[in-house]
Amino acid sequence: MINDKKNTEIAICIPTYKRYKLLKKLISSINKNENTVIIVGNNDNVSVFEDHDFGEADREKFTEIFVTERGVTAVRNTLIQYCLTEFVNLQWVVFIDDDQVPSPDWLQELMKVAEKTKADLIGGPVAKVPSIETYWGEGATNTSYLPVKEGYVDMLNEGGNLAIATAFLRRLERKPFDPNFGKSGGEDFEFFLFAFKSGAKLAWAPKAEVTEIIPKDRLTLSGLVFRSLSTGMYQTKAEMKYNTKKDIFYRIMKRLLLLPAYTARDLLKYRRLNVCLSLFVRKLSSIVGACFGLCDLSISRYGQN
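Being a predicted model, the structure only gives us computed values, none of them experimental.

K.L.:
Explain the overall build of the protein chain to me, please; I cannot follow it from the model alone.
P.N.:
Within the protein chain one finds nine helices and eleven strands. Taken against the 2.2 N^0.38 rule, which gives 19 Å for 305 residues, the C-alpha radius of gyration of the protein chain at 19 Å falls within 12% of a compact globule. With 305 residues in all, the protein chain has 51% of them scored as buried. Expressed as a percentage of contacts within the protein chain between residues at least 6 apart in sequence, the contacts between residues at least 24 apart total 81%.

K.L.:
Please clarify how the pattern of salt bridges should be interpreted in this entry.
P.N.:
Here the idea is simple: oppositely charged side chains can pair when their charged atoms come close. Under the defined criterion, the tally for this structure stands at 19 salt bridges. Glu 187 is paired through a salt bridge with Arg 76; the nearest N and O atoms lie 3.2 Å apart. Here the residue Glu 187 occupies a position in helix H6 (residues 187-197), and Arg 76 occupies one in helix H2 (residues 72-86), the gap between them amounting to 111 residues. Linked by salt bridges that have partners in common, Lys 128, Glu 158, Glu 212 and Arg 218 make up one network.

K.L.:
Could you clarify how one ought to interpret the state of the cysteines in this entry?
P.N.:
Any covalent bond linking the sulfur atoms of two cysteines counts as a disulfide. Counted by the stated rule, this structure contains zero disulfides. Counting only cysteine sulfurs, Cys 83 is the nearest neighbor of Cys 13, a cysteine outside any disulfide, at a range of 3.6 Å. Cys 13 gets classed as buried once you look at its relative accessible area, which sits at 0%.

K.L.:
When you look at the pairing of strand S11 (residues 210-214) in this model, what are you seeing that I'm missing?
P.N.:
For a regular strand, side-chain orientation follows a simple rule: the groups alternate between the two sheet faces. Burial along S11 is one-sided: Val 210, Glu 212 and Ile 214 are buried, while Thr 211 and Ile 213, pointing the other way, are not. Judged from the three bridges that link them, strand S5 (residues 100-102) and S11 form a sheet pairing that is antiparallel. In the sheet register, Pro 102 faces S11, and the bridge partner there is Val 210. Strand direction decides the pairing type here: strand S7 (residues 126-130) and S11, joined by five bridges, are parallel. Bridge pairing in S11 places Lys 128 opposite Glu 212.

K.L.:
Can you help me understand the sheet that holds strand S4 (residues 92-96) in this one?
P.N.:
Sheets are built from strands that pair by backbone hydrogen bonding, the pairs being arranged parallel or antiparallel. Read across the sheet, eight strands follow the order S3-S2-S1-S4-S9-S6-S10-S8 without closing on themselves; strand pairing throughout is mixed. With one partner strand each, in any of the chains shown, strand S3 (63-66) and strand S8 (151-153) form the two edges of the open sheet. Put simply, the sheet's adjacent strands are angled 25° from each other on average, direction ignored. Relative to S4, strand S1 (residues 10-16) is paired through four bridges, and the arrangement is parallel. Along S4, the bridge assignment pairs Ile 12 with Val 94. Against the sheet, H2 engages S1, strand S2 (36-42), S3 and S4, with an angle of about 155° to S1.

What counts as what
- Residues numbered from 1 in each chain as written.
- Predicted model: local features only at pLDDT ≥ 70, side-chain atom pairs only at ≥ 80, totals over all residues.
- Heavy atoms only, no water.
- Helix = DSSP H or I, 4+ residues; strand = E, 2+ residues; numbered from the N terminus.
- Rg over C-alpha atoms; globule rule 2.2 N^0.38 Å.
- Buried < 20%, exposed > 50% of the residue type's maximum accessible area, 1.4 Å probe, protein only.
- Contact = heavy atoms within 4.5 Å.
- Salt bridge = Lys/Arg side-chain N within 4 Å of Asp/Glu carboxyl O.
- Disulfide = S-S within 2.5 Å.
- Pairing = 2+ DSSP bridges.
- Axes fitted to C-alpha atoms, helices over the stretch in contact; angles between N-to-C directions.

Below you can see the structure in the form of structure tokens.
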């Protein structure tokens, strides 16, 4: 329930689809003040309040809006439009996914970096925690590629831990998240490319961490290959909107040529065959996916966890 729309400065937006227990856990973990609201974008036609995990008291914690068009891209865009329309003095739209849990100072850390950098987009790390132990799990959840230092960057991590300045959103002459990536995934990566190419400032908040529990189907060999393959594919398709095929092809070939060196580095760093092998599979699958994307092939990831 929203009491004073004029004083609302931050809207925490949560896309969701039939993950009631996870949503309940997330909302219970968010620390917010009187100038912050929580808006849930429900991609189902059944209210979350129909689930027994939610009671009348929860209606005071957040507002639920329904999004009939399927896919997280549509939900993100609808949430942004709703917030820009409803809250005239809104300063930030902050996204977090329904399967994530923020650290206690998560929102404050995002806003600290926002104040320091005056950036248009601020992202933070997502710690991937395997739901079960598998041979491929540690490599599948490895996030060593993320920035360590606070400050400006030219690319962010994902849409699940992201603050966007409304001043930037109100200047856009397009939907923030491209609907063409609604089924393949990658609407966040394309948005970051677009924002950076448009002159937006992107910043990294390393202390604004959220945790995501990775389901077992993504911790198998097939899950690792599919996820990496589709990621490489949609990232390349997004890059083709802003770069030439020739430049992208050279970058893919460079990644392929450097793969043995990266694998040797991982062996020296981790000294564990399962971790190094899964990182090799992950990198190789991403490169193959990039080649698919360059050939304009598509893989649907909608409906995958």
